[in-house]
Amino acid sequence: MNILIMGPAGSGKGTMSAKIVDKYQIPHISTGDMFRENISNGTFLGLTAKKYMDQGLLVPDEITIQMVEKRLLKADCRIGYLLDGFPRTLAQAKALDEITKNIGRPVESVINLTIDFDQLAQRITGRRLCKGCDSIYHIKNNPSKVSNICDVCGSQLYQRSDDTVEQLTVRIEEYERSTKLVLEYFSSEGLVFDVNASQAMNDVFNDIDKALVKI
Ligand SMILES: [Zn+2]
């Protein structure tokens, strides 16, 4: 079961990834973890990537793709994998398609989590965090007992400066621009399965499951 999962921040991608991994017992491969692991183990690819990151530069595709290939060749990926956070560009998508076919572990399904913008905006702009203990509230869905005061520790609540509709619009547009060609590419191979991530969590997972049992 070789799967990619895609979805913007706030789509519940982390939660769904955990559920997929739990049910199907396949490794969850996130590019963030992969970079950290390679850097802390001091691999050649990790050290090369670090040189770019230290200068605030993007890590070149050929480095990332080699890291992904090495990871997908490991024994635990024999039964499948869930790749998260990659590919982000058309060039990466084509390269991934090629290497996964070459190593006999081709991508079989792309789970694309889609969101309702207004609903996400409401969820994000209503979010309040505690300065003292990091508890999370929502002014409508999960309000504190006393307005702006944490139930747990009594500290003041605050709103993150980027939890605004304007910032969200920028984030979503940026995400859509960067993933549009990736999705088109995998769509042309008939691999993309759109899932409405604005539903209740169990319904989202049921829809994902329907796509996965077909593999
Ligand atoms: Zn608190």
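Shown above is the structure to which this text applies.
Report on the accompanying structure. (Residues numbered from 1 in each chain as written. Predicted model: local features only at pLDDT ≥ 70, side-chain atom pairs only at ≥ 80, totals over all residues. Heavy atoms only, no water.)

A closer look at the sheet that holds strand β5 (residues 127-130)
To be explicit about the condition: At least two bridges found by DSSP between two strands is the condition for calling them paired. Numbering of helices and strands runs from the N terminus, with a helix taken as a DSSP run of H or I at least four residues long and a strand as a DSSP run of E at least two residues long.
Taking strand neighbours across the sheet as the criterion, the three strands line up as β6-β5-β7 in an open arrangement whose pairing is antiparallel. Across the chains shown, the open sheet's two edge strands, defined by having one partner strand only, are β6 (136-138) and β7 (157-158). Judged from the two bridges that link them, β5 and β7 form a sheet pairing that is antiparallel. Residue pairing across strands places Leu-129 opposite Tyr-158, the latter belonging to β7.

Things to note about helix α4 (residues 61-72)
For the record, the criterion: Every helix has an expected span of 1.5 Å times one less than the residues it contains. Each residue's exposure class comes from its accessible area (1.4 Å probe, protein chains only) as a fraction of the maximum for that residue type: buried when under 20%, exposed when over 50%, partly exposed otherwise. Residue contacts follow a heavy-atom distance rule, with two residues in contact if any of their heavy atoms lie within 4.5 Å.
With twelve residues, α4 ought to run about 16 Å at 1.5 Å a step, and its terminal C-alpha atoms sit 16 Å apart, in line with that. Buried within α4 we find Ile-63, Thr-64, Ile-65, Met-67, Val-68, Arg-71 and Leu-72. Each element contacted by the buried residues of α4 is listed here: β2 (28-30), α2 (31-40), α3 (44-54), β3 (81-84) and α5 (90-102).

Some details on the pattern of salt bridges
Note the threshold: Counted as salt bridges are all cases of a side-chain nitrogen of Lys or Arg within 4 Å of a carboxyl oxygen of Asp or Glu.
What the rule picks out here adds up to 14 salt bridges. Asp-209 is the salt-bridge partner of Lys-23, the closest N and O atoms lying 2.6 Å from each other. Placement of Lys-23 in helix α1 (residues 13-24) and of Asp-209 in helix α8 (residues 201-213) is noted, with a sequence separation of 186 residues between them. Among the charged side chains, a salt-bridge network with shared partners connects Arg-127, Arg-160, Asp-162, Asp-163 and Arg-171.

Focus: the coordination of the zinc ion
Note the threshold: Note that water is not among the atoms considered, so a metal site may appear incomplete; the donors listed are N, O and S atoms within 2.8 Å of the metal, with 3.2 Å applied to Na, K and Ca. Labels for metal geometry use angle windows, namely 85 to 135 degrees for all angles of a four-donor tetrahedral site, and for square planar (four donors) or octahedral (six donors) sites opposite donors over 155 degrees apart plus all others within 65 to 115; sites meeting none of these are irregular.
Around the zinc ion, the protein contributes the donor atoms Cys-130 (SG), Cys-133 (SG), Cys-150 (SG) and Cys-153 (SG), which lie 2.3 Å from the metal centre. Coordination geometry of the zinc ion: the four donor atoms subtend angles of 98 to 115° at the metal centre, consistent with an arrangement described as tetrahedral. Along the chain, the residues that donate to the zinc ion are spaced as C-x2-C-x16-C-x2-C. The exposure class of Cys-150 is buried, given its relative accessible area of 3%.

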